[in-house]
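What follows is the residue order along each chain.
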Amino acid sequence: MWRTLALLSLPGMLVAAEIPAPVREMFENRCTDCHDAETKKGGLDLTALGFDLSNPKTFATWVKIHDRVEDHEMPPKKKEQPEAAERDGFLKAVAAPLEKADAEAIATNGRSTWRRMNRYEYENTLRDLLGAPWLQVKDMLPEDGESHRFNKVGDALDVSHVQISRYLGAAEYALKEVLVRKTSSVKPTVKRYYAREQTNLWKRSRFSEFNRSTERGTFPIINDEADIPALTDDDAMQAGLKKNDPERRENESIGVVASSYEPLDLQFNSFSASVSGRYKLRVKAKSFWAGPLNEKTWWKPVQTSVSKGRTEEPVTFYSETRPRQLRKQWTFSVGPDPSVHETEVYLLKRETIRPDAVRLFRSRPPAFKNPLAEKDGQPGVSFYWLEVEGPLPEPSIDAAKKLMFGDLPMMKEGKDGVVAISKEPLKDAEKYLKRFMTRAYRRPLSEEEPQRFMNLVRTALDSGASFTEAMLTTYAAVLCSPAFVTLEEKPGKLDDPAVATRLSYFLHNSEPDAELRTAATEGKLKEPAVLVSQTDRMISDVDSSRFVNAFLDYWLDLRKVNNTSPDAT
């Protein structure tokens, strides 16, 4: 262990008045042959080690020395061992002042707990670090421990081999997703998907044996009237397309009077995201009014009687990874007149889009009366088309690629693989590793930290891994290291990087952004006016919604809102 104590020594000579006599004698008799100014075995010079235990580095060094001697690891077994009395005297002479110094430090500065990031913070941090807002890694990680109902308390956020394994898996997934996405040659496209052409929007609900009840069917509409021929004729259902009639096609829609569930499975399923990224969605929809089946059974709608809508209806759009893994993306309201709504969302590769008229009732058997139905009918929502533009260019795409591989040439390998080409692997690895770690860590790097990870690069390359594989393996290790995964809380007055980290993980649930990081680097966060200004800026930023959502998820347990379905009856 003494070999690991290199670079921790402090200036000052081994002075008898400073170091207890049993300690000095042990050093002179058994230690300084290997650990003096000339030999410095393991980089440790005991003759230059002071005894100022108020210095954290000196204190840590003496703790390690005490523990190694206590565990009989030092002196080494091949060397002559001290008598039990000599060892005990040494340990007592070191332990007593260490305990006293520790108590004084606690009384002065208090205690602190390093806490690891929770699942929300880890996902947000990877998104911001890698410039990939679409990344979904939260659900890859175990549920976080809670204290006082929240997942932000270090004592409840334990670290086990399970957590580390899951962090590693999430980091590897994120790096590979980003690498492939960043070098994708997919060009943005604009395509419109008409509801009448999504056969799952009408065939299943019209012909399924389970959907004989009209409240679980779909309503073909032309303008504000029922498109009666379309109820029985597939060609009539797609008349605008079949007859090459653009005007008619724009006025054809498909309506529902119930919210989505398994038998009424609405999807714009002919769309599937080509790659993970940012997309612009435009939707044309409206509300309508479905007439009653008859005077006696007025709560059942009839598909042949449709008129202009009377209500404003909320509509929620989900992205879906089959089968039925949903992510809420967007909510808007539609009225009696057709209207176009637009938003930008982040989609994962192969996700499709699922609409849901969320206020409408969910008709589960045995059938029951629609609570929204009136004597003369009931409300519904109809969809004309979904238009998708994307994947849209990301400003951070090139920055993320440069962060990992700088200006090295990239080339495709296989169907989805991408590799970086390096003529000097070790030189490039050290250069880009330092850059990556400087960006990933929320404080200045020590000299030895990059070298620790360079050993992993060398091991991977020696085992036959390619340069790209070695770098991705090492980057994943960085993203699982304590300096990244934990928020380093040190007792005493906080320095600027620590203030920036606390402020950012409080208000944005993620790493400090560029402006906050710059203020910390320049030492400006000690100025009250700057600290207030940064706080106001971050509260006003769109990323403050991360704090609001995460806070409400735990305070009000909103994260569990979909765990149960109330009995509608």
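Residues numbered from 1 in each chain as written. Predicted model: local features only at pLDDT ≥ 70, side-chain atom pairs only at ≥ 80, totals over all residues. Heavy atoms only, no water.

Student: Tell me about the overall build of the chain, and please be specific about residues and values.
Tutor: Along its length, the chain carries 18 helices and 15 strands. For 569 residues, the compact-globule formula gives about 25 Å, and the C-alpha radius of gyration of the chain, at 33 Å, lies well above that figure. When its C-alpha atoms are laid out on the principal axes, the chain stretches across 105 × 55 × 50 Å. Out of the 569 residues belonging to the chain, those deemed buried represent 47%. The long-range fraction of contacts in the chain, counting pairs at least 24 apart against all pairs at least 6 apart in sequence, stands at 74%. As displayed, the chain has an accessible area near 28,600 Å², and 53% of this comes from carbon and sulfur atoms. (Helix = DSSP H or I, 4+ residues; strand = E, 2+ residues; numbered from the N terminus. Rg over C-alpha atoms; globule rule 2.2 N^0.38 Å. Buried < 20%, exposed > 50% of the residue type's maximum accessible area, 1.4 Å probe, protein only. Contact = heavy atoms within 4.5 Å. Areas by Shrake-Rupley, 256 points an atom, 1.4 Å probe, with all protein chains shown as cover.)

Student: So what's going on with the packing of helix H15 (residues 496–507) against helix H17 (residues 528–540)? Residues and values would help.
Tutor: Where H15 contacts H17, the axes come no closer than 10 Å and their chain directions differ by 25°. Here H15 lies roughly parallel to H17, going by the angle between them. In the crossing of H15 with H17, the sense of the turn from one axis to the other is right-handed. Contacts between H15 and H17 involve Val499, Leu503, Ser504 and Leu507 from the first element and Leu531, Gln534, Thr535, Met538 and Ile539 from the second. Among the residues forming the contact of H15 with H17, the class breakdown is 6 nonpolar, 3 polar and no charged. (Axes fitted to C-alpha atoms, helices over the stretch in contact; angles between N-to-C directions. Parallel < 35°, antiparallel > 145°, perpendicular 65-115°, else oblique. Left-handed = near helix turned anticlockwise from the far one by under 90°. Nonpolar A, V, L, I, M, F, W, Y, C, P; charged D, E, K, R; others polar.)

Student: An account of the pairing of strand S12 (residues 378–392) is needed here, citing residue identities and associated values.
Tutor: Burial analysis of S12 places 15 of its 15 residues in the buried class, which makes it a mostly covered element. Across 6 bridges, strand S2 (residues 189–194) lies against S12 in antiparallel orientation. If you follow lysine 191 over to S12, its bridge partner there is valine 388. One ladder, built from 3 bridges, connects strand S5 (residues 252–256) with S12; its direction is antiparallel. Residue glycine 255 lies in a different strand from S12, and its bridge partner there is serine 382. (Pairing = 2+ DSSP bridges.)

Student: Any chance you could break down the packing of helix H12 (residues 448–462) against helix H13 (residues 467–478) for me, citing the residues and the numbers?
Tutor: It is at 9 Å that the axes of H12 and H13 come closest, and there the two elements cross at 145°. Once H12 is placed against H13, the crossing between them reads as right-handed. Contacts from Phe453, Leu456, Val457, Ala460 and Leu461 of H12 reach H13 at Phe467, Ala470, Met471, Thr473, Thr474, Ala477 and Val478. For the contact of H12 with H13, the per-class residue count stands at 10 nonpolar, 2 polar and no charged.

Student: Kindly report on the environment of serine 545, identifying the contributing residues and their values.
Tutor: Topologically, serine 545 is positioned in helix H18 (residues 544–555). In this structure the C-alpha to C-alpha distance between serine 545 and tryptophan 555, which are 10 residues apart in sequence, comes to 15 Å.

Student: Please give an account of the side chain of serine 510 that cites residues and values.
Tutor: Tracing the sequence through the fold places serine 510 in the loop between H15 and helix H16 (514–521). By relative accessible area, serine 510 is classed as buried at 0%. For serine 510, the contacting residues outside a window of four places in its chain are Asn124, Thr125, Asp128, Ser504, Tyr505 and Arg546.

Student: Explain empty space enclosed by the protein residue by residue, including any values.
Tutor: Counted according to the given criterion, the structure contains 1 cavity of 30 Å³ or more. The calculated volume of the largest cavity comes to roughly 30 Å³. Residue lining of the largest cavity: Arg116, Arg119, Leu141, Pro142, Asp144, Gln163, Arg166 and Tyr167, and that is the complete set. With 3 residues, the single largest contributor to the lining of the largest cavity is helix H5 (residues 161–182). (1 Å grid on protein atoms, 1.4 Å probe; cavity = no way out; pocket = protein on both sides within 12 Å on 5 of 7 lines; lining within 4 Å. Points joined across faces, edges and corners; volume = space filled by probe spheres on them.)

Student: Hey, could you go over the nonpolar core for me, with residue numbers and the actual values?
Tutor: Ranked by internal contacts, the top residues of the largest apolar core, which has 50 residues, are Tyr122, Met404, Phe436, Leu479 and Phe484. Elements with a contribution of two residues or more to this core: helix H4 (119–130), H5, helix H10 (397–405), strand S14 (417–420), helix H11 (425–440), H12, H13 and helix H14 (482–485). If you look at the next biggest cluster of nonpolar residues, it comprises 34 residues, including Ala195, Val283, Phe383 and Val388. (Core = buried A, V, L, I, M, F, W, Y, C linked by side-chain atoms within 4.5 Å.)

Student: So what's going on with unusual backbone geometry? Residues and values would help.
Tutor: Going from methionine 74 to proline 75, the amide bond is cis rather than trans, its omega being -5°. For the peptide bond that leads from glycine 390 to proline 391, omega is 0°, which places it in the cis range. Mapping proline 391 onto the fold places it in strand S12. One non-glycine residue, histidine 72, adopts positive backbone phi at about 60°. One can find histidine 72 in the loop between helix H2 (56–70) and helix H3 (84–109).

Student: Summarise the confidence of the model for the chain; cite the residues concerned and give the values.
Tutor: With 90% of its residues at a pLDDT of 70 or more, the chain has an overall mean of 86. In the model, residues 1–17 has pLDDT below 50 throughout and makes 44 contacts with residues more than four positions away in sequence or in other chains. (pLDDT = per-residue confidence, 0-100.)

Student: Residue-level account of the environment of leucine 348, with values.
Tutor: Within the element layout of this structure, leucine 348 appears in the loop between strand S10 (339–347) and strand S11 (352–356). Among the residues examined, leucine 348 registers a relative accessible area of 15% and is labelled buried. Each C-alpha atom of the pair leucine 348 and tryptophan 134 lies 6.6 Å from the other, and the pair is 214 residues apart in sequence. The contact partners of leucine 348, leaving out residues within four places of it in the chain, are Trp134, Gln136, Ala273, Val275, Ser276 and Arg327.

Student: If you had to explain H3 to someone new, which residues and values would you point to?
Tutor: Taking 1.5 Å of rise per residue, 26 residues should cover 38 Å, and H3 covers 37 Å from first to last C-alpha, within 8% of that figure. Here H3 has its buried residues at Arg87, Phe90, Leu91, Ala93, Val94, Ala95, Leu98 and Ala101. In the core, the buried residues of H3 are packed alongside helix H1 (21–31) and H2. Within two residues after H3, glycine 110 carries a phi angle of roughly 80°, on the positive side. (Expected span 1.5 Å × (residues − 1).)

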